Amino acid sequence: NLDLEVEAASISSRLYWDTDKDGEFGADEVAIPLITIEARNIRSDVINSVTTDSNGNYNFEGLAPGEYKVTAVIDGRQLDLKSYLGTAAIQAGQEVTVDDGIEPGAIWGKFTDEGLGSELITVSLHDHTNNSISERTFLSTSYHISECISDYIDDAISFCFNNLLPGEYTLRMD
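Residues numbered from 1 in each chain as written. Predicted model: local features only at pLDDT ≥ 70, side-chain atom pairs only at ≥ 80, totals over all residues. Heavy atoms only, no water.

Trainee: Would you mind showing me how to read the overall build of the protein chain here?
Mentor: Along its length, the protein chain carries zero helices and 13 strands. Listed N to C, the secondary structure of the protein chain is β-β-β-β-β-β-β-β-β-β-β-β-β in terms of helices and strands. Expressed as a percentage of the 174 residues in the protein chain, the buried residues total 34%. Nonlocal contacts in the protein chain, meaning residues at least 24 apart in sequence, comprise 55% of its contacts between residues at least 6 apart. As presented, the protein chain carries roughly 10500 Å² of accessible surface, and 46% of it is formed by carbon and sulfur atoms. (Helix = DSSP H or I, 4+ residues; strand = E, 2+ residues; numbered from the N terminus. Buried < 20%, exposed > 50% of the residue type's maximum accessible area, 1.4 Å probe, protein only. Contact = heavy atoms within 4.5 Å. Areas by Shrake-Rupley, 256 points an atom, 1.4 Å probe, with all protein chains shown as cover.)

What follows is the structure, given as structure tokens:
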């Protein structure tokens, strides 16, 4: 008889909106709580599932060494968070700690019709991936909204939908 003992591995991380796109969780960034995260061993097809806590943290313990894909489903979209394949496979006794910052997208615009005055305008964003609609009402004047501003846009905008995941969207104004 041959008894082998293999030391288990672990993966721990935090899921958050990486709004400044620097790969590090900062004071102004928001954790993504209560999301199911899966680590699938690509050889055995064994799936381990955990849920992020209120701070976006998650931890897979007791993983068999091997190749893994780590995924999450957010708003109906499956996101590939990390892959540990080939020479990057999880080794016996390895404790992997990473940050899983999701770089969000934004759709923004500025109303330019001078004849609008200070009217309320409803802007609808239809997400074709999960068939949902977000509606927001804005004054037709420009304002500053820091969570939607980046280096490439004017800081005086009229509407903004932020923390968007990759997908197909349709924008409509009423």
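Trainee: Explanation requested: the sheet that holds strand β6 (residues 68-74) in the structure shown.
Mentor: Sheet strands pair via backbone hydrogen bonds, and the direction of the pair is either parallel or antiparallel. One open sheet holds the four strands; their spatial order is β4-β3-β6-β7, and the pairing between them is antiparallel. Strands with a single pairing partner mark the edges of an open sheet, and in this sheet they are β4 (47-51) and β7 (77-84). On average, each strand axis in the sheet is tilted by 20° relative to the strand beside it, whichever way the strands run. Pairing geometry for β6 and β7, over seven bridges, is antiparallel. Following the sheet pairing, I74 is matched in β7 by R77. (Pairing = 2+ DSSP bridges. Axes fitted to C-alpha atoms, helices over the stretch in contact; angles between N-to-C directions.)

Trainee: What is the right way to look at the packing of aromatic side chains in this model?
Mentor: What describes a pair of aromatic rings is the distance from one ring centre to the other and the angle between the planes of the rings. A full pass over the atoms with the stated rule returns two aromatic pairs. Ring geometry for Y16 versus F25: centroids 5.1 Å apart, planes at 75°, classification edge-to-face. Overall, the relative accessible area of 0% leaves Y16 in the buried class. With centroids separated by 5.8 Å and ring planes inclined at 75°, the aromatic side chains of Y58 and F60 adopt a geometry described as edge-to-face. The pair formed by Y58 and F60 is uniform in burial state, with each residue classed as buried. The ring of F25 has R14 lying over it, and the distance from NZ or CZ to the ring centre is 4.1 Å. (Phe/Tyr/Trp six-rings, centres within 6.5 Å; stacked < 30°, edge-to-face > 60°. Lys NZ or Arg CZ within 6 Å of the ring centre and 35° of its normal.)

Treat this as a map of the structure, not an account of what it does.
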